Amino acid sequence: MTLPMKTIDELLDSAVAARQAARRAARDNNLLRQVWRVFVARGAPIPIEVLERELTAPARQTVRDGLARLDEDDLIMVQDGVVRLAYPLSGDPTAFTVRLPDGRTCFTCCAIDALGMAPMLGQPVTVESWCHHCAVPIRVRVDPEGPDTDIDGVVVWVGRRDPDERRACSGH
Amino acid sequence: MGHPGTEGAGTTVTEAFALGRRIFGGLLVETA
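Residues numbered from 1 in each chain as written. Chains lettered and ligands numbered in written order. Predicted model: local features only at pLDDT ≥ 70, side-chain atom pairs only at ≥ 80, totals over all residues. Heavy atoms only, no water.

Chemist: Honestly, the environment of A:Leu32 in this entry has me stumped. Any pointers?
Modeler: Residue and element names in this part refer to chain A. Looking at the secondary structure, you find Leu-32 in helix α3 (residues 30-42). Given the relative accessible area of 0%, Leu-32 is considered buried. Each C-alpha atom of the pair Leu-32 and Gly-66 lies 8.7 Å from the other, and the pair is 34 residues apart in sequence. Ignoring anything within four residues of it in the chain, the contact list for Leu-32 reads Arg-27, Leu-70, Leu-75, Ile-76 and Ala-86. (Helix = DSSP H or I, 4+ residues; strand = E, 2+ residues; numbered from the N terminus. Buried < 20%, exposed > 50% of the residue type's maximum accessible area, 1.4 Å probe, protein only. Contact = heavy atoms within 4.5 Å.)

In structure tokens, the structure reads:
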């Protein structure tokens, strides 16, 4: 089987790159960092009540308002009072498990999100998934500076999205 | 043939890592 292969620069046009830069700036957000910390610690969807209890800095209504803004900006996803994901992390199981050095595991929304976890956390991780065609297990150790070199033959599929499409975990 | 049900293209793990680092790098280093 031959897949069409491209570099990231070939895959991302200037509009997408600009949107990514804006989202990167929006992620420099103290409330979002606290949500990520709770996600890493729990590895599961987080009821808003838990965040209100565990987040120390903002007042309760500030947490709710802040989460609503993050949801509106598609940086997290809130359903029925539960934060189900905060990109790159998913509270629900996906095809991408990230194993931390201390043994904790968490799920990410896609392969790129999983590979971004080591530089995000500044620590090595192991990404576990499987081939979506032949189901062979895939394990890739990733340091903050890059993946192991022993990854010959592994291809990351980057799907096309409409410009205004919200992201979501597909489980693939 | 690509990812089931999607249009797109393949890229290497190294390229995908570079994009992941660009998006998320350094955002939660203090929890290390």
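Chemist: Would you mind going over the domain arrangement of chain A with me for this structure?
Modeler: Many structure descriptions define interface size as the accessible area lost when the parts assemble. Residues and elements named next belong to chain A. According to the domain assignment, chain A consists of domain 1 (11-90) and domain 2 (97-147). Computed over C-alpha atoms, the centres of domain 1 and domain 2 are 20 Å apart. Every contact between the two is made by nine residues of domain 1 and, on the other side, 10 residues of domain 2. Across the domain 1 to domain 2 interface the summed buried area is about 830 Å²; carbon plus sulfur atoms make up 73%. Taken together, the connections running from domain 1 to domain 2 amount to zero salt bridges. Applying the counting rule to domain 1 against domain 2 returns two residue pairs in polar contact (both at pLDDT 80 or more). Put simply, the parts of the chain that give the side of domain 1 that touches domain 2 at least two residues each are α3 and β4 (89-90). Considering every element that reaches the side of domain 1 that touches domain 2, the biggest residue donor is α3, with three residues. Taken together, the residues of the side of domain 1 that touches domain 2 break down into seven nonpolar, two polar and no charged. (Domains from an automatic or database assignment. Buried area = accessible area lost by both parts, 1.4 Å probe. Salt bridge = Lys/Arg side-chain N within 4 Å of Asp/Glu carboxyl O. Polar contact = N/O pair within 3.5 Å; in protein donor to acceptor, adjacent residues only side chain to side chain. Nonpolar A, V, L, I, M, F, W, Y, C, P; charged D, E, K, R; others polar.)

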